[in-house]
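Letter by letter, the chains look like this.
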Amino acid sequence: MFRALYQFYSLLFFVCYFTIGSFVNAQPAGKLYAEDFFRSAVIQDAALSLNGEKVALQIGSEIYMYSNQIDLQRLSFMSLYYQTASVYWLDNDILVLEQVHERTGQYKFLFLEVSVKDGEFKVTDESRIESDGYIIKYHSEKKMLTFAKLDSDDGELYANVYNIEMFKKAKLRPEDFDKINRQSDNIVHWIIGASGKPVVGISHEGGKTAIWASTRSRRKLSKSWEMDNEIYLAPYHYDKDSQHLLAVTDLDSDKQRAVILDLGNRQIEKVLFEKENADVNAIVMDSENSAPIAVTYLKNGLTHYEHLVTDEDSFLKELRSLLPDGQMDLLGSSQNQSKHLLLNTPEQSVASLYSCDTSQNSCEFITSLHPWLEGTKLATTHTLQVPTDDGLMLEAFLTLPNRKSDNVPLVVMPHGGPIGVRDTDYFNPDAQWLAYNGFATLRVNYRGSKGYGNEFLKKGFEQWGRAIEEDIELATDFAIEKFSELLHSNKCIYGSSYGGYSALMGIIRDSSRYRCAVSFAGVTDLSLLFSPYSVRQNAKLREFLVKVVGDPTSDLETLQYYSPLYQYQKITTPLLLIHGTEDNVVDIEHAWRLNLMLDSAGIKHNFLVFDDLGHSFSTTGQVELFYDRVVKFLNLHLE
Amino acid sequence: MPLISPRRTTITKTVMILLLFMSSLMQAKAATECDELVDETLLDLDTFLAKKQEQRHSLQQRFGEHVVAGKPGVEIYQLELALFDFEKWLSNFTEFAHSNINSVRHDYKCDKKMLKFLHEHMEKNAKTIFSANYKNIVARFNLTDLKEDEGLAIIFIESTPNVLSVSFKRDARRADPIEVNTFGLDKYFRVVKLKAGEYSWHSAKRNNRGGYTVFSFEDHNLKFFIQPGKLNFIGGLKFDTHGNRYAVEQMDRVANSIKEVIKYYPEFSSGENWVNTLVPEDNFLNFYIAQKLDGGIK
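### A short note on the interface of chain A and chain B
One frequent convention defines the size of an interface as the accessible area lost when the parts assemble. With 28 residues of chain A at the contact, the number on the chain B side is 27 residues. In this assembly, chain A packs against chain B so that about 2,300 Å² is buried in total across both faces, 53% of it on carbon and sulfur atoms. Counting the surface chain A buries against chain B, the share from its top three residues, A:Tyr533, A:Trp592 and A:Leu596, is 28%. Across the chain A-chain B interface, the total number found is 3 salt bridges. As a salt-bridge pair, A:Asp587 and B:Arg253 come within 2.5 Å of each other at their nearest N and O atoms.

### Thoughts on helix α7 (residues 498-509) of chain A
Given 3.6 residues per turn, any residue in an α-helix points the same way as the ones three and four places further on. Residues and elements named next belong to chain A. With 12 residues, α7 should cover 16 Å at 1.5 Å per step; its first-to-last C-alpha distance of 16 Å lies within 8% of that length. Buried residues dominate α7, accounting for 11 of its 12 residues. Inspection of α7 places Tyr498, Gly499, Gly500, Tyr501, Ser502, Ala503, Leu504, Met505, Gly506, Ile507 and Ile508 among the buried residues, and these make up the whole buried set. The elements touched by buried residues of α7 are α6 (467-482), β33 (491-496), β34 (516-520), β35 (575-580) and α10 (589-600).

### A closer look at unusual backbone geometry
Residue and element names in this part refer to chain A. Following Gly417, the chain continues into Pro418 via a peptide bond in cis, with omega recorded as 0 degrees. The phi dihedral of Gln243 is positive, around 55 degrees, even though this residue is not glycine. Residue position: Gln243 is located in the loop between β18 (233-239) and β19 (244-249). At Gln337, a position not held by glycine, the phi torsion is positive, near 55 degrees. On the basis of relative accessible area, Gln337 is assigned to the buried category, the value being 12%.

### Some words on the packing of aromatic side chains
Applying the stated rule across the entire model yields 38 aromatic pairs over all chains. For the ring pair A:Trp433 and A:Tyr436, a centre distance of 5.7 Å and an interplane angle of 20 degrees mean the geometry is stacked. Within this pair, A:Trp433 and its partner A:Tyr436 are both found in helix α4 (residues 429-436), separated by 3 residues, close to a single helical turn. With a relative accessible area of 10%, A:Trp433 lands in the buried category. Classification of A:Tyr436 as partly exposed rests on a relative accessible area of 35%. When the ring of B:Phe217 is compared with that of B:Phe239, the centres are 5.6 Å apart and the planes differ by 50 degrees; the resulting orientation is tilted. One end of the pair, B:Phe217, is in the loop between β7 (211-216) and β8 (223-226); the other, B:Phe239, is in strand β9 (residues 231-242), with 22 residues separating them in the sequence. You can call B:Phe217 buried: its relative accessible area is 0%. Since its relative accessible area comes to 0%, B:Phe239 is described here as buried.

### Overview of the state of the cysteines
Residue and element names in this part refer to chain A. Under the defined criterion, the tally for this structure stands at 2 disulfides over all chains. Residue Cys356 pairs covalently with Cys363 via a disulfide, S to S 2.0 Å. Here the disulfide of Cys356 and Cys363 is right-handed, its torsion about the S-S bond being about 110 degrees. What makes Cys356 buried here is its relative accessible area of 1%. Two residues, Cys492 and Cys516, share a disulfide whose sulfurs are 2.0 Å apart. Taking the sign of the torsion about the S-S bond as the criterion, the disulfide between Cys492 and Cys516, at about 115 degrees, is right-handed. With a gap of 24 residues between them, Cys492 in strand β33 and Cys516 in strand β34 connect regions that are remote in the sequence. Across the pair, Cys516 and Cys492 agree in class, each one buried. Counting its disulfide-bonded cysteines in sequence order, chain A shows a connectivity of 1-2, 3-4.

### Side note on the nonpolar core
Formed by 84 residues in total, the largest nonpolar core has its most connected members in A:Leu486 and B:Phe284. In terms of residues, this core owes the most to one element, α7(A), which gives 7 residues. Not counting the four nearest positions on each side in its chain, A:Leu486 is found in contact with A:Leu398, A:Leu400, A:Val408, A:Leu410, A:Ala440, A:Ala479 and A:Ile480. By size, the runner-up hydrophobic cluster in this structure holds 32 residues, among which are A:Leu32, A:Tyr494, A:Ala521 and A:Leu576.

### Re the packing of helix α4 (residues 254-264) of chain B against helix α5 (residues 284-294) of chain B
All names here are of chain B. The N-to-C vectors of α4 and α5 enclose an angle of 40 degrees; their axes lie 10 Å apart at closest approach. With respect to α5, the axis of α4 lies oblique. When you trace α4 past α5, the crossing you get is right-handed. Contact residues: α4 offers Val254, Ala255, Ile258 and Ile262, while α5 offers Phe284, Leu285, Tyr288 and Lys292. Grouping the constituent residues of the contact of α4 with α5 by class yields 7 nonpolar, no polar and 1 charged.

### What about the confidence of the model for chain A?
Mean pLDDT for chain A: 89, with 94% of residues reaching 70 or above. Scored below 50 in pLDDT, residues 1-28 of chain A makes 4 contacts in the model with residues more than four places away or belonging to other chains.

### Concerning the packing of α10(A) against α4(B)
Their axes nearest at 7 Å, the elements α10(A) and α4(B) cross at an angle of 40 degrees. The pairing of α10(A) with α4(B) is recorded here as oblique in orientation. Contacts between α10(A) and α4(B) involve A:Glu589, A:Trp592, A:Arg593 and A:Leu596 from the first element and B:Val254, B:Ala255, B:Asn256, B:Ile258 and B:Lys259 from the second. When grouped by side-chain class, the residues that make up the contact of α10(A) with α4(B) number 5 nonpolar, 1 polar and 3 charged.

### Concerning the sheet that holds strand β3 (residues 62-67) of chain A
Picture the strands of a sheet paired through backbone hydrogen bonds; they go either parallel or antiparallel. Residues and elements named next belong to chain A. Ordered in space as β1-β2-β3-β4, the 4 strands form an open sheet in which the pairing is antiparallel. Either end of the sheet is taken by a strand with one partner, and the two such strands are β1 (45-48) and β4 (73-75). Adjacent strand axes in the sheet meet at a mean angle of 25 degrees when their direction is disregarded.

### Let's talk about the environment of A:Glu473
Residue and element names in this part refer to chain A. As for its position among the elements, Glu473 is in helix α6. The class of Glu473 is buried, set by a relative accessible area of 13%. Through-space distance from the C-alpha of Glu473 to that of Gln256 is 28 Å; in sequence the pair is 217 residues apart. Once residues lying within four places of it in the same chain are set aside, the contact partners of Glu473 are Arg509, Arg513 and Tyr514. A distance of 2.9 Å separates the side chain of Glu473 from the side chain of Arg509, its partner in a polar contact.

### Details of helix α11 (residues 620-637) of chain A
Taking 1.5 Å of rise per residue, the 18 residues of α11(A) would be expected to cover 26 Å, and the 25 Å separating its terminal C-alpha atoms lies within 8% of that figure. Taken as a whole, α11(A) has its buried residues at A:Gln622, A:Val623, A:Phe626, A:Tyr627, A:Val630, A:Val631, A:Phe633 and A:Leu634.

Criteria and cut-off values
Residues numbered from 1 in each chain as written. Chains lettered and ligands numbered in written order. Predicted model: local features only at pLDDT ≥ 70, side-chain atom pairs only at ≥ 80, totals over all residues. Heavy atoms only, no water. Contact = heavy atoms within 4.5 Å. Buried area = accessible area lost by both parts, 1.4 Å probe. Salt bridge = Lys/Arg side-chain N within 4 Å of Asp/Glu carboxyl O. Helix = DSSP H or I, 4+ residues; strand = E, 2+ residues; numbered from the N terminus. Expected span 1.5 Å × (residues − 1). Buried < 20%, exposed > 50% of the residue type's maximum accessible area, 1.4 Å probe, protein only. Phe/Tyr/Trp six-rings, centres within 6.5 Å; stacked < 30°, edge-to-face > 60°. Disulfide = S-S within 2.5 Å. Core = buried A, V, L, I, M, F, W, Y, C linked by side-chain atoms within 4.5 Å. Axes fitted to C-alpha atoms, helices over the stretch in contact; angles between N-to-C directions. Parallel < 35°, antiparallel > 145°, perpendicular 65-115°, else oblique. Left-handed = near helix turned anticlockwise from the far one by under 90°. Nonpolar A, V, L, I, M, F, W, Y, C, P; charged D, E, K, R; others polar. pLDDT = per-residue confidence, 0-100. Pairing = 2+ DSSP bridges. Polar contact = N/O pair within 3.5 Å; in protein donor to acceptor, adjacent residues only side chain to side chain.

See the structure below:
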């Protein structure tokens, strides 16, 4: 009797336990914290071996492996001081980890030969190169690497090409490198031919870009084509017979296009693809026959694949049919293009990693990148196209909180940079966290942002505090007009770096426009950017700053006029000024100067100094602390 | 029949009560002994601190005008140590030491070894600060007191907390480096009087398991300049160590230098004779002074 009762209650307990347990697990997380949005994705990188059999995953600071036959297994070869920037395979067995030293910025390439023994992955050999550069080619049969080692001379970047016996030593030093290029001439990009010799080089010197190439009759590289100015040119494939170079370039165009260059006649042979309002980012190549399959560009802030071959021939179309919903981003494919690793991001969800086999018409779910946000309905982002008076088209991203209201407080969030940086529609922890707290956010790709062509980029030069701010204000007004839940009277501005500067200029330009401003790591004194101790004696950096900010020697007055520091008296809107003591990009002196002036003038403001914080956050603890203050401040000033 | 008789229960209870009573008596005695011991220790420590403080005052009177710090042959007249508020430190330290020693009563069950350790540790810490501080009991200087070839320099050092001192050297002379004792503070500020001319930051000394390690940065060419008759804003020096590696750089530190000058050296706060010798083209110092003269700021 007792035993029967015991069994009954035990059974009841387990049934309840598992029922409740699975119910709880199936529910979206209860209350979410900033950490949930800002902590790193479960997988930082993933790579598929060329035969598609092995998958390497970068999980935190470690590398994991799995295949059809072997379950997930850890390979622990990560140094504490190095962060892995990229993971990829050279063939079926050689895995490369590109790493960067956290403090010194030194590059390291770690090569692991991964074999399968006794049903486990084993690292059977390893070596490393401690140098900045890139791998041009891997010669599988000889286990030899063709490596371009990057160096600089007087600030000019160049690369020499070396053949390196990959596992000759554990640490491969320059004396183990066998140089194969004859000239350097500031060549940065190299292409190696079938013979293993360099066939194309791209140099950028003295403000001019040049293409160096060999021909069938002339093996030595010579300068085939020198442009009148410096252009963007990313080479993909060179056909020595026809002297045709496949490349993404902005030659003779405002936008980056996918083209075939005829080096013999120094002309564009064919434009493979161009887009009116977007730069082409890359060409997807067929690795078996070195033919272009598709190009990528950003459409509505997300990577878009445009086919260069007929749809029917493309594995991309097959993949699309296997995962029809949401955004698809290809991470890698096997050489025969039947197996693929990709990210799929359904609407209002976080991205998940999939392994797909187009020959089997199947996709296997590997993991969500943010499993703790699985089941959480993310805020929706709307893409806005905003025309300007001078004929530009601005792209902006408005993220609205899920909670409906007829008065949603708006936070305008200009991005940093300002030149050559952009916002996208990919998962943005700041926008999502603020949306979770009830705020709408508007991120504007103002003039100067990347991806919209050269003209658009250059229009941002010397427009700090001027046309850039007008773009932000225009897009803000546009969004408020279009979305009835937003009100002109209920908005603040918050940004970091240039965005922090923009927040300050926003309230200086018009004290009634915003209810409050949050400036994190913001520039306050434009002339201070040129201090020898800010640019660290880097002549190239100074030259770039003169181009994008203005010249402090000839136009100090203008720089001061557009510096929040010298306009401090106009700051009357509630301000939260935040800076980290370890900021190496915008020195904390910027914040200290403005704080000193505001304090001395008796202008009320909030000033927070974060010890050990750099130009951005390195721990979720810092983010929690930061957003705790920012959200409280926004709540105080917005309805 | 009950297993335990009522009579037997009464005896047991009585014995128990007696035992409890004796135990509490013993505990009370032990507690009193412990209190006495801790009180004696606190008294010893306070006596030690008072004696040290007395010595410090007597030195202060003895070196009324100035004190030469650094090495013989080097003229460096230091002004009153500003950022390091000695009296405040002593008060905080006394409170901290008392709290630590008092914790032995409860947290460490009156462990005599722990009490001895804490006592010695606190005295050792106090000795270090006192001996470092003796060198800095000096009088203030005014710009008018400067000789023709002298100027004042604002020294601003940010370093890892275990850095004991940072030194600099006058380039024109074969002199020994001039050492600035930073007391292991992560931020250090003071105004010193120096001969006009060109100087370069020389080295830093870091605590290293009872001894110290010297990091030389002579090769970094970290120069600063002193103009005669001026309060020279020479920028900050940022020095960080990571194991045996280090990073050193000069930084623009005008804002904090102004703030500290106003706070600790009000006699210089008018802005008169201020000069940024690190980045002469930096207009902020002039802007600040102009705003001050205009009445835009206090």
